[in-house]
Amino acid sequence: MAHQSLFHHLCLILLAVAAGAGAATPRQLFLVSQPPVTLTNHHGQLLTGNYSVNLLWYGRFTPAQRAVVADFLLSLSAPSSPSSSSSSAAPSVAAWWATTARYHPGAARLTLGRQVLDPSLSLGRRLSETSLAALAVRRLSPHRGSVAVVVTAPDVIVDGFCLSHCGLHASATSSSSSSASSTRGRGRFAYVWVGNAAEQCPGECAWPFHQPAYGPQAPPLVSPNADVGMDGVVINLATLLAGAVTNPYGGGFFQGPAEAPLEVVTACTGVFGAGAYPGYPGQLPVDAATGASYNAVGVTGRRFLLPAMWDPKTSQCSTLV
Ligand SMILES: *[C@@H]1O[C@H](CO)[C@@H](O)[C@H](O)[C@H]1NC(C)=O
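Computed from a predicted structure; not experimentally measured.

## Comments concerning the overall build of the protein
Right, so step 1: Across its full length, the protein carries seven helices and 14 strands.
Right, so step 2: Counting the 321 residues in the protein, one finds 51% classified as buried.
Right, so step 3: At a minimum sequence separation of 6, the contacts of the protein that also span at least 24 residues come to 76%.
Right, so step 4: Of the roughly 13,200 Å² of accessible surface on the protein, a fraction of 57% belongs to carbon and sulfur atoms.

## Points about the pattern of salt bridges
Right, so step 1: Counted according to the given criterion, the structure contains five salt bridges.
Right, so step 2: As a salt-bridge pair, Arg 102 and Asp 311 come within 2.8 Å of each other at their nearest N and O atoms. Separated by 209 residues along the polypeptide, Arg 102 in the loop between helix H4 (93-97) and strand S4 (109-118) and Asp 311 in strand S13 (residues 309-311) bring together distant segments of the chain.
Right, so step 3: On the basis of relative accessible area, Arg 102 is assigned to the partly exposed category, the value being 37%.
Right, so step 4: Linking Asp 155 and Arg 125 is a salt bridge whose minimum nitrogen-to-oxygen distance equals 2.4 Å. Of this pair, Asp 155 sits in the loop between strand S6 (146-152) and strand S7 (157-158) while Arg 125 sits in the loop between S4 and strand S5 (126-127), and the two are 30 residues apart along the sequence.
Right, so step 5: Of the residues examined, Arg 125 reaches a relative accessible area of 44% and is grouped as partly exposed.

## Comments concerning helix H5 (residues 129-140)
Right, so step 1: Taking 1.5 Å per residue, 12 residues should reach 16 Å; H5 reaches 16 Å between its end C-alpha atoms and fits that length.
Right, so step 2: Along H5, the residues classified as buried are Ser 131, Leu 132, Ala 133, Leu 135, Ala 136, Val 137 and Leu 140.
Right, so step 3: Positive backbone phi, at 40°, marks Ser 141, one or two positions downstream of H5.

## Thoughts on empty space enclosed by the protein
Right, so step 1: Summed over the entire model, instances satisfying the criterion amount to two cavities of 30 Å³ or more.
Right, so step 2: If you go around the second largest cavity, the residues you meet are Trp 96, Thr 99, Met 309, Ser 318, Thr 319 and Leu 320.

## Considering the side chain of Ser 131
Right, so step 1: Assignment of secondary structure puts Ser 131 in helix H5.
Right, so step 2: Within the local environment of Ser 131, its side chain forms a polar contact with the backbone nitrogen of Ser 128, the two atoms lying 2.7 Å apart.

## Quick word on the state of the cysteines
Right, so step 1: A full pass over the atoms with the stated rule returns three disulfides.
Right, so step 2: Residue Cys 162 pairs covalently with Cys 201 via a disulfide, S to S 2.0 Å. Between Cys 162 and Cys 201 the disulfide shows an S-S torsion of about -75°. By sign, it is left-handed. With Cys 162 in the loop between S7 and strand S8 (167-173) and Cys 201 in the loop between strand S9 (188-195) and helix H6 (202-205), the pair connects residues that are 39 residues apart, well separated along the chain.
Right, so step 3: Cys 166 shares a disulfide with Cys 205; S-S distance 2.1 Å. Here the disulfide of Cys 166 and Cys 205 is left-handed, its torsion about the S-S bond being about -80°. Placement of the pair is Cys 166 in the loop between S7 and S8 and Cys 205 in helix H6, with a sequence separation of 39 residues. Accessibility assignment for this pair places Cys 166 and Cys 205 in one class, buried.
Right, so step 4: Cysteine pairing in the protein follows 1-3, 2-4, 5-6, where each cysteine in a disulfide is numbered by its order in the sequence.

## Topic: the sheet that holds S9
Right, so step 1: A sheet is described by the order of its strands in space; here six strands give the open sequence S1-S8-S9-S6-S3-S4, paired in mixed fashion. Edge strands, defined here as strands with exactly one partner in the open sheet, are strand S1 (22-24) and S4. Going from strand to strand, the sheet's axes swing by 25° on average, the running direction of each strand aside.
Right, so step 2: Sheet topology note: the S1/S8 ladder contains three bridges and is antiparallel. By the bridge assignment, Ala 23 is partnered in S8 with Leu 168.
Right, so step 3: Sitting on the sheet, helix H2 (residues 63-76) is in contact with strand S3 (50-58) and S4, with an inclination near 160° to S4.
Right, so step 4: Strands in contact with H5 are S3, S4, S6, S8 and S9; relative to S4, the strand with the most contacts, it is inclined by about 95°.

## Here we look at the side chain of Asp 118
Right, so step 1: Relative to the helices and strands, Asp 118 resides in strand S4.
Right, so step 2: Classification of Asp 118 as buried rests on a relative accessible area of 3%.
Right, so step 3: Side-chain polar atoms of Asp 118 contact the backbone nitrogen of Leu 121, separated by 3.3 Å.
Right, so step 4: Contact partners of Asp 118, with chain neighbours within four places excluded, come to Leu 56, Trp 57, Tyr 58, Gly 59, Leu 135 and Arg 139.

## So, the pairing of S6
The two faces of the sheet receive side chains in turn, since in a regular strand these alternate between them.
Right, so step 1: In terms of burial, S6 is a largely internal element, seven of the seven residues being buried.
Right, so step 2: Here S6 shows a buried face lined by Ser 146, Ala 148, Val 150 and Thr 152 and a second buried face lined by Val 147, Val 149 and Val 151.
Right, so step 3: Pairing of S3 with S6 involves seven bridges; the strand directions are parallel. Paired with Asn 54 across the strands is Ala 148, a residue of S6.
Right, so step 4: Pairing of S6 with S9, which is carried by six bridges, proceeds in the parallel orientation. Its bridge partner being in S9, Val 147 is matched across the sheet by Ala 190.

Cut-offs and rules
Here the residue numbers are simple positions, counted from 1 along each chain's written sequence. Two thresholds apply to this predicted model, a pLDDT of at least 70 for residue-level local features and 80 or more for giving and counting side-chain atom pairs, whereas whole-chain, interface and lining totals are computed over all residues. Where side-chain values are given, they derive from all heavy atoms of the structure, hydrogens and water being excluded. To qualify as a helix, a DSSP run of H or I must reach at least 4 residues; to qualify as a strand, a run of E must reach at least 2; elements of each kind are numbered from the N terminus. Think of it in three bands: residues with accessible area under 20% of the maximum for their type are buried, residues over 50% are exposed, and the middle band is partly exposed, with areas taken using a 1.4 Å probe on protein chains only. Throughout, a contact is declared for two residues whenever any of their heavy atoms are within 4.5 Å. Per-residue and other accessible areas follow the Shrake-Rupley method at a 1.4 Å probe size, with only the shown protein chains counted as cover for residues. Salt bridge, as used here: a side-chain nitrogen of Lys or Arg that lies within 4 Å of a carboxyl oxygen of Asp or Glu. Expected span of a helix: the number of residues minus one, times 1.5 Å. Of the two site types, the cavity is a set of points on a 1 Å grid over the protein atoms alone where a 1.4 Å probe fits but cannot get out, and the pocket is an open set with protein on both sides within 12 Å along at least five of seven lines, each lined by residues with an atom within 4 Å of a point. Grid points are joined across faces, edges and corners, and a volume is the space filled by probe spheres set on the points. Counting of polar contacts relies on pairs of N or O atoms within 3.5 Å, with two restrictions inside protein: one atom must be capable of donating a hydrogen and the other of accepting it, and residues adjacent in sequence are counted only when both atoms are side-chain atoms. The rule for a disulfide is simple: a pair of cysteine sulfur atoms within 2.5 Å. By definition, two strands form a pair when at least two bridges between them are found by DSSP. Between N-to-C directions, angles span 0 to 180 degrees; the directions come from axes that are lines fitted to C-alpha atoms, helices contributing only their stretch in contact.

Below, the structure written as structure tokens:
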């Protein structure tokens, strides 16, 4: 049977949909002024209903590092609990995600799915964008009810990482019938890659927790989970999941060319709190004990800094605080 399942995987034909690829861009790209944002609905399919987010940890991560991302994902659909948030100056992570429902009332509800470890780098230390999709297929068996997420460790080199992006979301199609349970869009799945930039480019992909690599300089913020790389991963993962749900296959909500779209969060890149301007993330609550900046609270009271999302009702980059 192992033989059969191997064959099954080899039969998967990947068609990366370039037009559907959104990227979390390094900080230097938004240190230039941008035209006014108006995201257009291209009337293609969005992700709606319940999706599990399956994670592949590619390279070495500590349990504490994995917990940062797992708690973020658990928080996306956590019911709001007034008692735990009343003591905090920030709204819930679920309230942040709720902005996606302003694009479509049934916008996907994401829950934490499986986590797979690949500490010994089964496809090597250097990955192309094609191998990211291959990894997602091999290790996460993606299907239509899931979003496959590959997180790469600080020493893993991915084509374009730091130079043009901090992560990406795209879609691929499998020719197998492994997803026969879905009637629509059979075998088509969305995937996301995010890199931990701690060693390669924290000033680009873990800003504002690190001095920016370019442009106006401001002191870096203290990261809420005391891990610059992983708190940067959360910002980029949040960016890409929101993009994947609202523009999964290249025909959803975005501005500009389909090959280089500004999506619901990338349209607001660099904005975290009120009064943000290039190089300054905006006003944010600061934890008195640790000095950490945050703007959202998740399960078990864990704090996060999440990017502003463009709100289609107000046509503004909506900040939580
Ligand atoms: C999603 O899951 C929730 C909780 O299990 C359930 O109440 C809801 O009906 C589901 N939604 C859909 C569209 O299946």
